[in-house]
Amino acid sequence: MREYTVAVVGATGAVGNEMISVLEERNFPVSRLKLLASERSVGKELTFKGKSLFVEMLDEDSFAGVEIGLFSAGGSISERYAPIAAAAGCVVIDNTSAFRMAPDVPLIVPEVNPGAISRYKNRGIIANPNCSTIQMVVALKPIHDAVRIKRVVVSTYQAVSGTGKKAIAELEEQTRALLNGLKPVIKVYPHQIAFNCLPQIDVFLDNGYTKEEMKMVNETKKILDDPGIAVTATTVRVPVFYGHSESVNIETERKITAERVKNLLSGAPGVKVVDDVKNSQYPLAINAAGKDDTFVGRIREDESLPNGINMWIVSDNLRKGAALNAVQIAEILAREYL
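Structure report, in brief. (Residues numbered from 1 in each chain as written. Predicted model: local features only at pLDDT ≥ 70, side-chain atom pairs only at ≥ 80, totals over all residues. Heavy atoms only, no water.)

Turning our attention to the packing of helix H3 (residues 131-147) against helix H5 (residues 211-223). The contact between H3 and H5 brings their axes to 9 Å, and the two run at 40°. When the axes of H3 and H5 are compared, the pair comes out oblique. The hand of the H3/H5 crossing is right-handed. On H5, the residues touching Ser-132, Thr-133, Met-136 and Val-137 of H3 are Glu-212, Lys-215, Met-216, Glu-219, Thr-220 and Ile-223. Tallied by class, residues from the contact of H3 with H5 come to four nonpolar, three polar and three charged. (Axes fitted to C-alpha atoms, helices over the stretch in contact; angles between N-to-C directions. Helix = DSSP H or I, 4+ residues; strand = E, 2+ residues; numbered from the N terminus. Parallel < 35°, antiparallel > 145°, perpendicular 65-115°, else oblique. Left-handed = near helix turned anticlockwise from the far one by under 90°. Contact = heavy atoms within 4.5 Å. Nonpolar A, V, L, I, M, F, W, Y, C, P; charged D, E, K, R; others polar.)

Put into structure tokens, the structure is as follows:
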């Protein structure tokens, strides 16, 4: 495989840092890595494969000669610069919500719908799904293929790293303050996050759901290419640093046993089944942090439904939920299309 000039947009953010690490860990064929960010980050030094690289200013001329662009700098930045990058011949893999629901932009989870990557030629842009959606559909895909899923009810327990570095710092600072008898400072979230659960991720919409919840609804249907699936979500921010957890209930068209679900998921790409309840073995956020797999456990039949299954899904939101998924897309692009 030949080597590629790669740009990371938003290189100094939590996901940008992780993208750089994943590119190195997976030995992606990089001939030159270009680190791009806003003016306040220009000149910062980051390390890639033992070499120090300086962060450059993102502007309209940043993408000359760049072949693959990994974007994670916010939706407004992607809306402005992704088309500019694509026009310069760079294939953009965008981690924001800017293009996810655009009909002509593929929304990709490599274990689920890799064939749709070919549609990048429409606009030169591929969308990376929402972190909580990615880990869920990785686990849903084998079941959907086997017995078709009719309905999904999901409640999430999402780590603060999904909001970024400032949220990680806020949880640290609030925890330290409270343990020392001090009043916590609240900046990032509308309420104290330390020792608390916030049933709000992103802003509320007119239907009473948050944007995060509707992302899960709409993205799941698009990725699985089945608009008929009924999906409802409640997303909650919890005082965990890394790793999103999800309680997922599904209703299927045909009966499937918990044992068959375990067997299907045990052979599914990117999935690791951890389900030994007699020994209190099930997926934990602290164990998923830093790992590439999506972990599934507490798999059991829903006794309130003829064709229902419950499961618990955990994954590192910065890795599979963002950086790793983007790099996996880039690997398929490099291997099969570029």
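Continuing now.
A pair of packed helices is characterised by two quantities: the angle between their axes and the separation of those axes. The geometry of H3 relative to helix H8 (residues 319-336) is characterised by a closest axis approach of 8 Å and an angle of 85° between their N-to-C directions. Here H3 lies roughly perpendicular to H8, going by the angle between them. From H3, Cys-131, Ile-134 and Val-138 reach across to H8, where they touch Lys-320, Gly-321 and Asn-325. Its residues assigned to classes, the contact of H3 with H8 comprises three nonpolar, two polar and one charged.

So, about the nonpolar core. By size, the foremost hydrophobic cluster in this structure holds 53 residues, and its most contacted members are Phe-63, Val-152, Val-248, Ile-250 and Met-311. If you tally residues by element for this core, the top one is H3, at nine residues. Listed in part, the 37 residues of the second largest apolar core include Val-15, Met-19, Val-22 and Ile-108. (Core = buried A, V, L, I, M, F, W, Y, C linked by side-chain atoms within 4.5 Å. Buried < 20%, exposed > 50% of the residue type's maximum accessible area, 1.4 Å probe, protein only.)

A complete count under the given rule lists 18 salt bridges for this structure. The shortest N-O distance in the salt bridge between Arg-100 and Glu-219 comes to 3.2 Å. In this pair, Arg-100 is assigned in the loop between strand S7 (91-94) and strand S8 (125-127) and Glu-219 in helix H5, connecting sequence segments 119 residues apart. Each member of the pair Arg-100 and Glu-219 is classed as buried. Measuring nitrogen to oxygen at the nearest pair gives 3.2 Å for the salt bridge that ties Lys-255 to Glu-301. Within this pair, whereas Lys-255 is found in the loop between strand S11 (244-252) and helix H6 (258-266), its partner Glu-301 is found in strand S13 (residues 294-301), the two being separated by 46 residues in sequence. Residue classification places Glu-301 among the partly exposed positions, given a relative accessible area of 33%. Among the ionic contacts, a cluster of salt bridges with common partners joins Glu-18, Glu-25, Arg-26, Asp-292, Arg-319 and Glu-331. (Salt bridge = Lys/Arg side-chain N within 4 Å of Asp/Glu carboxyl O.)

Honestly, it's all geometry; don't read function into it.
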